[in-house]
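One letter stands for each residue in the lines below.
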Amino acid sequence: MPKFQENVSLAGFSNYKIGGPAKFFFEAKNQQDVAWAVGEAKKLGERVFILGGGTNLLISDDGFNGLVLKPSLNFIEADGEMLMAGAGVLMFELLDFSVAKGLSGLEWAGGLPGTLGGAIRGNAGAFGREIKENIIQVESIDTNNAERHTRNNQECGFGYRNSIFKELNGGEVILSAFLKMEIGDAAAIKKIMQEKIDYRLSRQPLDYPNIGSIFKNVPVELVSPEVLKDCADVIKQDPFPIVPAARLIGLAGLKRTARGGAMISEKHGNFIINTGGATAADVKYLIDLVKKKIKDKFGITLEEEVQLL
Ligand SMILES: Cc1cc2nc3c(=O)[nH]c(=O)nc-3n(C[C@H](O)[C@H](O)[C@H](O)COP(=O)(O)OP(=O)(O)OC[C@H]3O[C@@H](n4cnc5c(N)ncnc54)[C@H](O)[C@@H]3O)c2cc1C
């Protein structure tokens with residue numbers, strides 16, 4: 001009989017190494033376990049939070065007063081040019097599998113941390129591409145009534161770092177997905193993935209615990225012509241013309257600003273790193289500071305890309 005664990009520290013499940021305890025914690029190894037856990041939480045009257053790889057999450061120092069459910073559905077299968085994978089599969093495992101099968105289409109995700117479920121929920125993207133381009137169909141389960149849903153790509157409501165699953169705000173656990181790929185050359189696929197990984201290593205402060213870019217990039221039309229002059233060299237399609245939030249943070253002179261163990265990275269202004277012993281409150285202080293300074297200086301409202309729990 002499955003059982004919830006109690007009072008489990010979440011810091012070890014966060015890429016940031018930050019976070020208090022979960023009242024209840026459960027790692028589901030299959031779809032039946034997920035259905036059981038959401039039913040049990042309902043019976044107990046507990047809220048449910050779904051945890052993926054913890055690479056996009058700032059977990060509160062107080063933890064979570066409810067059930068943290070980790071859907072560790074870790075299967076991957078190939079059928080011709082299609083992949084079927086569980087939501088708990090780590091993106092690098094999916095990429096390794098694609099290389100082994102000579103399947104092209106996910107090269108852009110080289111070095112993208114986290115799980116497939118997390119990537120679908122946030123429509124993760126990089127280098128002008130997004131996971132939505134690969135998605136054929138997504139299976140999920142309602143946390144309220146354990147009802148199953150199957151959605152095609154259109155029905156997933158993908159937008160910039162958005163999807164229906166994000167809109168539902170934890171209302172459904174993504175279980176698995178079918179992904180569209182193309183037959184390719186394994187060596188060529190691997191080479192492109194490695195280039196993406198190398199690019200990230202050269203630009204991102206990966207030697208410190210972090211949760212990736214804190215803020216969404218800013219559509220060019222929201223940036224004044226004077227500020228745009230200082231950003232012309234970094235405007236890129238991602239997937240529409242944007243000014244990287246990192247440049248604005250750099251222009252505002254905020255790099256290396258620190259609070260407790262948290263610091264705005266010198267290497268990449270949109271990363272707040274944990275230099276040791278940072279608390280969620282330290283990080284939140286810096287997030288609020290950056291938002292205020294960028295609003296005051298450039299009239300731009302930065303929006304968090306990371307999720308706060
Ligand atoms: C170094 C670094 C670089 C990054 N680069 C990029 C990048 O280039 N592009 C980009 O888009 N992101 C990037 N990210 C952010 C992050 O990797 C992605 O957002 C990733 O998709 C999050 O997946 P996760 O499994 O870690 O989700 P988590 O951080 O565990 O959770 C994030 C959200 O997704 C929800 N969630 C997770 N799994 C499920 C599920 N099965 N069903 C329903 N909801 C679920 C959670 O409830 C939470 O709200 C980066 C992060 C880091 C640390």
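Residues numbered from 1 in each chain as written. Predicted model: local features only at pLDDT ≥ 70, side-chain atom pairs only at ≥ 80, totals over all residues. Heavy atoms only, no water.

Moving on: the overall build of the protein. Helices and strands together make up the secondary structure of the protein, namely eight helices and 21 strands. The C-alpha atoms of the protein give 20 Å as radius of gyration, which agrees with the globular expectation for 309 residues (19 Å, within 12%). Taken over 309 residues, the protein has a buried fraction of 50%. Counting only contacts in the protein whose residues sit at least 6 apart along the sequence, the fraction spanning at least 24 positions is 62%. As displayed, the protein offers around 14,200 Å² of accessible surface, 50% of which is attributable to carbon and sulfur atoms. (Helix = DSSP H or I, 4+ residues; strand = E, 2+ residues; numbered from the N terminus. Rg over C-alpha atoms; globule rule 2.2 N^0.38 Å. Buried < 20%, exposed > 50% of the residue type's maximum accessible area, 1.4 Å probe, protein only. Contact = heavy atoms within 4.5 Å. Areas by Shrake-Rupley, 256 points an atom, 1.4 Å probe, with all protein chains shown as cover.)

Accessible area lost on assembly of the parts is the figure often given for the size of an interface. Segmentation of the protein into domains returns domain 1 (5-71), domain 2 (76-189) and domain 3 (208-298 + 304-308). Distance from the C-alpha centre of domain 1 to the C-alpha centre of domain 2: 21 Å. If you look at the interface, domain 1 gives 12 residues, while domain 2 gives 16 residues. Carbon and sulfur atoms supply 65% of the area buried between domain 1 and domain 2, which totals about 1,100 Å² over both sides. Looking only at domain 1, the three residues that lose the most surface to domain 2 are Q31, V38 and I50, adding up to 39% of its buried area. (Domains from an automatic or database assignment. Buried area = accessible area lost by both parts, 1.4 Å probe.)

Here the focus is the sheet that holds strand β16 (residues 236-237). On the basis of which strands lie adjacent, the open sheet formed by three strands has the order β15-β17-β16 and antiparallel pairing. Of all the strands in the sheet, just β15 (218-219) and β16 have a single pairing partner and so form its edges. As defined by bridge partners, β16 adjoins strand β17 (residues 241-243) across two bridges and the pair is classed as antiparallel. Counted as the bridge partner of Q237 is P241 from β17. (Pairing = 2+ DSSP bridges.)

Below, the discussion takes up the nonpolar core. Counting 32 residues, the largest nonpolar core has L248, I272 and I294 as its most contacted members. Listing elements by their share of this core, those giving two or more residues are α7 (245-251), β19 (262-264) and α8 (280-298). Here this core takes eight residues from α8, the largest share from any one element. Residue-level mapping places this core at the junction of two domains, with at least three residues from each of domain 1 (5-71) and domain 3 (208-298 + 304-308). With sequence-adjacent residues up to four places away left out, I272 is seen in contact with Y16, P209, N210, I214, A262, M263, I264, V283, L286 and I287. Ranked by size, the runner-up nonpolar core spans 31 residues in total, among them L106, A124, L179 and M181. (Core = buried A, V, L, I, M, F, W, Y, C linked by side-chain atoms within 4.5 Å.)

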